[in-house]
Amino acid sequence: MTETNGQVLEFELGEETYCVSIDYVTEIVDVGELTKVPNSPAHVEGVMDLRGRTTSIVNPKTVFNIDDGDREPERIIVYDPEITDNTGAAGWLVDEVKQVV
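Here's a quick rundown of the structure. Remember, predicted model here, so these are calculated numbers, not experimental data.

Applying the stated rule across the entire model yields three aromatic pairs. Seen from their ring centres, F11 and Y18 are 6.1 Å apart, and the 25° between their planes marks the pair as stacked. Through successive ring pairs, a cluster of aromatic residues spans F11, Y18, Y79 and W92.

Right under this line is the structure:
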């Protein structure tokens, strides 16, 4: 078994806890006002301005068909634009950010 020393960020979507490598995360922000984008896919909740950069906000619960019981997302995990094929900054709406382990 190979041992790794990487850190992951734990977050909640609905009733489940998920992890993503902290290396991909630029920042974590509170959910603010989102600007809707006409004719965008259902999983794109909108865009927001983060430090002068337009950031697309995606709802992974829509992508993965996760039932949330109408729970409102509290945080946005913003990903490094280099991992999104340099198409711009992107963030995921998540119910709660737990910890880095």
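What follows covers the side chain of D95. Inspection of the secondary structure puts D95 in the loop between strand 7 (89-94) and strand 8 (96-100). Under the relative-accessibility criterion, D95 is labelled buried at 0%. Within the structure, the side chain of D95 is placed 2.5 Å from the backbone nitrogen of G14, a separation counted as a polar contact. Only 2.7 Å separates the side chain of D95 from the side chain of K61, close enough to count as a polar contact.

Ordered in space as 2-1-8, the three strands form an open sheet in which the pairing is antiparallel. If you trace the sheet from one side to the other, it starts and ends with strand 2 (16-21) and strand 8, each paired once. Each strand axis lies, on average, 25° off the axis of its neighbour in the sheet, ignoring direction. Bridge analysis of strand 1 (residues 8-13) against strand 8 gives four bridges, and the strand direction is antiparallel.

Below, the discussion takes up the sheet that holds strand 4 (residues 44-50). Strand pairing within a sheet occurs via backbone hydrogen bonds; the two strands may be parallel or antiparallel. Across the sheet, which stays open at both edges, the five strands sit in the order 3-6-7-5-4 with mixed pairing between neighbours. If you trace the sheet from one side to the other, it starts and ends with strand 3 (25-30) and strand 4, each paired once. Each neighbouring strand pair of the sheet contributes to a mean axis angle of 30°, computed without reference to strand direction. As paired elements, strand 5 (residues 53-58) and strand 7 share four bridges and run parallel to each other. Opposite I57, over in strand 7, you have G91 as the bridge partner.

Assignment of secondary structure puts V94 in strand 7. Sequence spacing of V94 and T26 is 68 residues, and the spatial spacing of their C-alpha atoms is 15 Å.

Conventions we followed
- Residues numbered from 1 in each chain as written.
- Predicted model: local features only at pLDDT ≥ 70, side-chain atom pairs only at ≥ 80, totals over all residues.
- Heavy atoms only, no water.
- Phe/Tyr/Trp six-rings, centres within 6.5 Å; stacked < 30°, edge-to-face > 60°.
- Helix = DSSP H or I, 4+ residues; strand = E, 2+ residues; numbered from the N terminus.
- Buried < 20%, exposed > 50% of the residue type's maximum accessible area, 1.4 Å probe, protein only.
- Polar contact = N/O pair within 3.5 Å; in protein donor to acceptor, adjacent residues only side chain to side chain.
- Pairing = 2+ DSSP bridges.
- Axes fitted to C-alpha atoms, helices over the stretch in contact; angles between N-to-C directions.

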